[in-house]
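Here is what each chain is made of, one letter per residue.
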Amino acid sequence: MRAASLRGLLRKKKYLIWAGAHDALSAKLVEEAGFEGIWVSSFGVSAAQKCMPDSNILTMTEMLEASKDIRRAVKIPVVTDCDNGYGGAMNILRLVKEFEQAGVAGISLEDSSFPKRCSLYPGGQRELVSIEEMSGRIRAAKDAQESKEFFVIARTEAFVAGLGLAEALRRGEAYAKAGADAILVHSRGPSASEVEAFAKKWNEALPLVCVPTLYGKVSAPALSSKGYKVIIFANHALRAQVKAARGVLRTLRQKERLASVEKDIAKLSEVFELVGQPTLEAHAERFSPKLPKPPTAIILAAGFEPQLMPLIVDRPKALLEIHGRSILERQVEVLRQAGVKRIAVVRGYQKHRIDLPNLVAYDNDRYEKAYILDSLFCAEREMEGGFLFLYGDVLFDEAVLLKALKSRADIGLVVDRALPELIRQHPELLAAHADLVVTNGRALPGHRFVPPRRQDRILKIGTRVPAEKATGEFIGIGRFSAKGADLLRKAYHRARAHVNGRIFHEAATFSKASVTDLVQELIDRGQRVESIDIYKGWIEVNTLADYERAWKLVKR
Ligand code: SPV
Ligand code: MG
């Protein structure tokens, strides 16, 4: 297909200009600049990919791999410079099959003997193979191709070897007779006179190709007017790269500051665009499973709790250790196990003690005056897109967390529905400050509990909910969807602006408010707040007795 389009272009256009590429990215730039074809230069690939001289050191397969990468990156025809065919006619039989199958539009074969020297290298004797041998190479190439479109350029190095015009013509004519599709006449300049003289005497119908590297003054239209159909600028992307990279790297080394080179380098977005990053995103959107993004967890660990003195004389409550690991460490471990990637901690009292790796820290430096709701809003930035919050003193089973993470509620609070049973059996265990809730449904008294299929709504929440009316206890974990987070934030800022010094639900002032006060505000305004039901599986550490109990209950 590419070979056909190469032939189509040759028919359609007065002349074609190809540019050399040494890898997929440079090929992309060649295409972007509007050239009609890619020349996979042996000089370029040797230099750029292996930093080696162009002297038959690279193998056929290395040039093939480079050509495949390049072909994949562009739509325009790709023609590979296959030097002298890497051996004899037998090698060329294989070579053509490989390149044709790789989707390369054509190849070029030159009449230098093995090992060749790059035509541009100064000095040195150039040895050419006999006309017969080169003709055999061409016949082998034409015989091996499967499609009639595959394009074989025969290149003579007669001028480069100092053999003169007559020999160059003799060779060109013989190669035409052997079946070549075009003749590349190479010359080391310094002017275009050799290639012009050749074209003047050229009587065959075959198109002529030239590579004007060392006779750079002449323009492509001028060469075309002399009879050249394809003009190849073989190594200019490579040389531009060397000069630009060398300059930038030297400056960078000297100045040790990125700003010194910013103007001389491509923008990141340019590179993103070139390698198809926007397509990648579109593909991810189409083909990758849409996994819900785990929410950020915000752990509230700012407060100072005098009832825990002197236990917390040198650390915040969240750092109390139980069997060698702090509450915070245990929380983080369970969160990570449940797939939560981003964890923020709001610190306050003894904040410098909280220094766990991979946690994002926020500080409530006014923790003595601004309580837990303000602490939560220190991490307001983390709420975007939905979040989970945890009080810094709860220890819980992984199942509890998984339930919170699975909840589809816009606003859901984890509620222990074993409460009525607890009150009935051990009223002394109910903490004085417990956040009790009233839901629209109630757990049936008894030993077992199955959460309702449709989650109950929370109607009342707070420490002043009478125990006999309560149907559950809020455990200090809440889940907000993106929308829920939005609602919460709006409610917070609205209340903050308006409440100002007056009581706010159970709080004497807004800055003393708890998260539950704001949740009650949302409920009162008609917002649905769901109860994420659990049945036991958690404890809190709020008193010395709690702490003692935790040592007995929590596994080592
Ligand atoms: C190449 O680009 O590898 C060529 C052209 O063969 S030249 O380097 O001029 O020989
Ligand atoms: Mg070459």
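Residues numbered from 1 in each chain as written. Chains lettered and ligands numbered in written order. Predicted model: local features only at pLDDT ≥ 70, side-chain atom pairs only at ≥ 80, totals over all residues. Heavy atoms only, no water.

Chemist: Account for a nonpolar patch on the surface, with residues named and values stated.
Modeler: Residues Leu-25, Leu-29, Leu-268, Val-271, Phe-272 and Val-275 make up a contiguous nonpolar surface patch of about 540 Å² in total accessible area. Mapped onto the nonpolar patch, the elements with two or more residues apiece are helix H2 (24-32) and helix H11 (268-274). Per element, the largest residue contribution to the nonpolar patch is 3 residues, and it comes from H11. Mapped onto the elements, Leu-268 comes out in helix H11. (Patch = residues over 30% accessible without salt bridge, like charges linked within 9 Å, V, L, I, M, F, W, Y side chains within 5 Å. Areas by Shrake-Rupley, 256 points an atom, 1.4 Å probe, with all protein chains shown as cover. Salt bridge = Lys/Arg side-chain N within 4 Å of Asp/Glu carboxyl O. Helix = DSSP H or I, 4+ residues; strand = E, 2+ residues; numbered from the N terminus.)

Chemist: How would you summarise the pattern of salt bridges if you had to cite specific residues and measurements?
Modeler: Enumeration over the complete set of coordinates arrives at 40 salt bridges. Among the salt bridges present, the one from Glu-167 reaches Arg-170, with a minimum N-O distance of 2.8 Å. With Glu-167 and Arg-170 both in helix H7 (residues 164-178), this residue pair falls 3 residues apart, about one helical turn. Residue Arg-170 is classed as partly exposed on the basis of its relative accessible area, which comes to 49%. Residue Glu-530 is joined to Arg-528 by a salt bridge in which the shortest nitrogen-to-oxygen separation is 3.0 Å. (Buried < 20%, exposed > 50% of the residue type's maximum accessible area, 1.4 Å probe, protein only.)

Chemist: Could you give me a rundown of the nonpolar core, with the residues and numbers involved?
Modeler: Ranked by internal contacts, the top residues of the largest apolar core, which has 80 residues, are Leu-376, Phe-389 and Ile-477. Other than its neighbours up to four places away in sequence, Leu-376 contacts Ile-298, Leu-300, Met-383, Phe-387, Phe-389, Leu-488 and Val-515. By size, the runner-up hydrophobic cluster in this structure holds 61 residues, among which are Leu-58, Tyr-86, Ile-131 and Cys-210. (Core = buried A, V, L, I, M, F, W, Y, C linked by side-chain atoms within 4.5 Å. Contact = heavy atoms within 4.5 Å.)

Chemist: Could you give me a rundown of the coordination of the magnesium ion (ligand 2), with the residues and numbers involved?
Modeler: In an ideal octahedron of six donors the angles at the metal are 90 or 180 degrees, and in an ideal tetrahedron of four donors they are 109.5 degrees. Bound to the magnesium ion (ligand 2) on the protein side are Ser-42 (OG) and Asp-81 (OD), at distances that span 2.0 to 2.2 Å. Highlighted residues: Ser-42 in helix H3 (residues 42-50) and Asp-81 in strand S3 (residues 78-81), separated in sequence by 39 residues. On the accessibility criterion, Asp-81 (3% relative accessible area) is buried. (Donors = N, O, S within 2.8 Å, 3.2 Å for Na, K, Ca; no water.)

Chemist: A description of helix H5 (residues 89-101) should follow, citing residues and the corresponding values.
Modeler: Given 3.6 residues per turn, any residue in an α-helix points the same way as the ones three and four places further on. Over its 13 residues, H5 runs 18 Å from end to end, which matches the ideal 18 Å to within 8%, given 1.5 Å per residue. Those residues of H5 that sit buried are Ile-92, Leu-95, Val-96, Phe-99 and Glu-100. Projected down its long axis, H5 shows its buried positions confined to an angular sector of 120°, all on one face. Of the exposed residues in H5, those oriented more than 90 degrees away from the buried face are Met-90 and Gln-101. Looking at the residues trailing H5, positive phi occurs at Gly-103, about 85°. (Expected span 1.5 Å × (residues − 1). Arc of directions from axis to C-beta.)

Chemist: Any details on the packing of aromatic side chains? Residues and values, ideally.
Modeler: In total, this model carries 12 aromatic pairs according to the counting rule given. Relative to Phe-480, the ring of Phe-387 has its centre 5.0 Å away and its plane inclined at 0°; by these criteria the two rings are stacked. Taken together, the positions of Phe-387 in strand S14 (residues 387-391) and Phe-480 in strand S19 (residues 472-480) put the pair 93 residues apart, joining distant regions of the chain. Exposure remark for Phe-480: the relative accessible area of 0% places this residue in the buried category. Among the aromatic residues, ring-to-ring pairing joins Phe-387, Phe-389, Tyr-391, Phe-474 and Phe-480 into one connected group. (Phe/Tyr/Trp six-rings, centres within 6.5 Å; stacked < 30°, edge-to-face > 60°.)

Chemist: Mind laying out the environment of Ala-282, listing which residues take part and the relevant values?
Modeler: Within the element layout of this structure, Ala-282 appears in helix H12 (residues 277-287). Exposure remark for Ala-282: the relative accessible area of 39% places this residue in the partly exposed category. Residues Ala-282 and Ala-301 lie 19 residues apart in sequence; the distance between their C-alpha atoms is 41 Å.

Chemist: Before we move on, can you summarise the packing of H7 against helix H8 (residues 193-201) with the specific residues and values?
Modeler: One way to put it is that H7 packs onto H8 with a least axis distance of 10 Å and a crossing angle of 55°. Between H7 and H8, the interaxial angle falls into the category oblique. Judged by the twist between their axes, the crossing of H7 over H8 is right-handed. Side by side, H7 and H8 meet where Leu-165, Ala-168, Leu-169 and Gly-172 of the first sit next to Ala-197, Phe-198 and Lys-201 of the second. (Axes fitted to C-alpha atoms, helices over the stretch in contact; angles between N-to-C directions. Parallel < 35°, antiparallel > 145°, perpendicular 65-115°, else oblique. Left-handed = near helix turned anticlockwise from the far one by under 90°.)

Chemist: How would you explain the pairing of strand S12 (residues 343-347) if you had to name every residue and give the values?
Modeler: Most of S12 is tucked away, with 5 of its 5 residues classed as buried. Sheet topology places strand S9 (residues 296-301) next to S12; 5 bridges connect them, and they run parallel. Pairing of Leu-300 across the sheet is with Val-346, part of S12. As judged from the 4 bridges shared by S12 and strand S13 (residues 360-363), these two strands associate in the parallel manner. (Pairing = 2+ DSSP bridges.)

Everything listed is a geometric property; what it means functionally is a separate question.
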